[in-house]
Amino acid sequence: VTFLTWKKENGKTVFASPADPEPLVVFGVHPYDIRAFQIWEETMLRGKYEDPVTKARLASLTIVGLDITTPPRDSFAASVDAHVVSDGYDLMLTILATDRILAEARTEKGAALLEGITYRDAAQSDIAERDRLREERATKYPHTLPTSSESVSEFLMQHANHPLFTETGDLC
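What counts and how
Residues numbered from 1 in each chain as written. Predicted model: local features only at pLDDT ≥ 70, side-chain atom pairs only at ≥ 80, totals over all residues. Heavy atoms only, no water. Helix = DSSP H or I, 4+ residues; strand = E, 2+ residues; numbered from the N terminus. Rg over C-alpha atoms; globule rule 2.2 N^0.38 Å. Buried < 20%, exposed > 50% of the residue type's maximum accessible area, 1.4 Å probe, protein only. Contact = heavy atoms within 4.5 Å. Areas by Shrake-Rupley, 256 points an atom, 1.4 Å probe, with all protein chains shown as cover. Lys, Arg positive; Asp, Glu negative; His and termini not counted. Charge placed at Lys NZ, Arg CZ, Asp CG, Glu CD. Pairing = 2+ DSSP bridges. Axes fitted to C-alpha atoms, helices over the stretch in contact; angles between N-to-C directions. Phe/Tyr/Trp six-rings, centres within 6.5 Å; stacked < 30°, edge-to-face > 60°.

Chemist: Can you help me understand the overall build of the protein chain in this one?
Modeler: Within the protein chain one finds six helices and six strands. Moving toward the C terminus, one meets the helices and strands of the protein chain in the order β-β-β-α-α-β-β-β-α-α-α-α. Rg of the C-alpha trace for the protein chain: 20 Å, well past the compact-globule value of 16 Å for 172 residues, more than 25% over. With the C-alpha coordinates aligned to their principal axes, the bounding extent of the protein chain is approximately 60 × 45 × 30 Å. Evaluated residue by residue, the protein chain yields a buried proportion of 26% over its 172 residues. Counting contacts in the protein chain only where the partners sit at least 6 residues apart, residues at least 24 apart contribute 64% of the total. Carbon and sulfur atoms provide 56% of the accessible area of the protein chain, an area that totals close to 12,100 Å². Here the protein chain carries 18 positive and 27 negative side-chain charges, and the mean point of each set is 3 Å from the other.

Structure, rendered in structure tokens:
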């Protein structure tokens, strides 16, 4: 799948994206990545100018989310409320036990993915278990970040010489 192409024309870089992007299912998207899609959408589609390329790309996506079972060792998602999402996906899967997965269709595209699959409707106890697991997992994220913009700036300044900035800068 091609998201973006570029070429040099008259000494300038010109970017392009397919006018009609192919439908694409993105499977196993974690809540914090779904939140990133939401921020992308807010930035590119809800401001003064609407980006038609982003609009077409997002419309072509079907997002199948997967709730986190074990938070990644470097994650701070819970401290910025990105460990659980209630929208921004078409279908969300939550592993409840070794023999059960809760599937929540949020859109028609998500419901279409469930067509032809034999399943039972979720019991209230399944939903309660999902909610309990989400709350429990929220306490297991190893890192936190300051949440106000002032404290984020202060935090970054305190860590300006961190090796991560050098490593990342070298990649750029």
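Chemist: Quick question: what am I supposed to make of the environment of E154 here?
Modeler: Residue placement: E154 occurs in helix α5 (residues 149-158). E154 sits in the partly exposed class, given a relative accessible area of 49%. Linking E154 and Y32, residues 122 residues apart in sequence, is a C-alpha distance of 23 Å.

Chemist: Can you help me understand the sheet that holds strand β6 (residues 100-105) in this one?
Modeler: Backbone-to-backbone hydrogen bonds join strands into a sheet, with any given pair of strands oriented parallel or antiparallel. The four strands are arranged β3-β4-β5-β6 in an open sheet whose pairing can be described as mixed. Of all strands in the sheet, those with a lone pairing partner are β3 (24-29) and β6, marking the two edges. Direction aside, neighbouring strands of the sheet carry axes that sit 15° apart on average. Across six bridges, strand β5 (residues 91-97) lies against β6 in antiparallel orientation. Counted as the bridge partner of L91 is A105 from β6. Together, β3 and β4 (61-66) form the strand contacts of helix α2 (residues 52-60), whose direction differs from that of β4 by roughly 60°.

Chemist: Just to check I follow, could you spell out the pairing of β5 for this structure?
Modeler: On any regular strand, side chains alternate: one points to one face of the sheet, the next to the other face. The buried fraction of β5 is high, at five of seven residues. Bridge count for β4 against β5 is three bridges, and the pairing is parallel. Across the sheet, the residue bridging to G65 is M92, located in β5. Where β5 hands over to β6, the hairpin turn is made up of two residues, counted between the paired strands.

Chemist: Got a minute to help me understand the packing of aromatic side chains in this structure?
Modeler: Geometrically, a pair of aromatic rings is defined through the distance of the ring centres and the angle of the planes. Applying the stated criterion across every chain yields a total of one aromatic pair. On the basis of an interplanar angle of 45° and a centroid distance of 6.1 Å, the ring pair of F37 and W40 is categorised as tilted. Of this pair, F37 and W40 both sit in helix α1 (residues 31-45), three residues apart, which is roughly one turn of that helix. Since its relative accessible area comes to 30%, W40 is described here as partly exposed.

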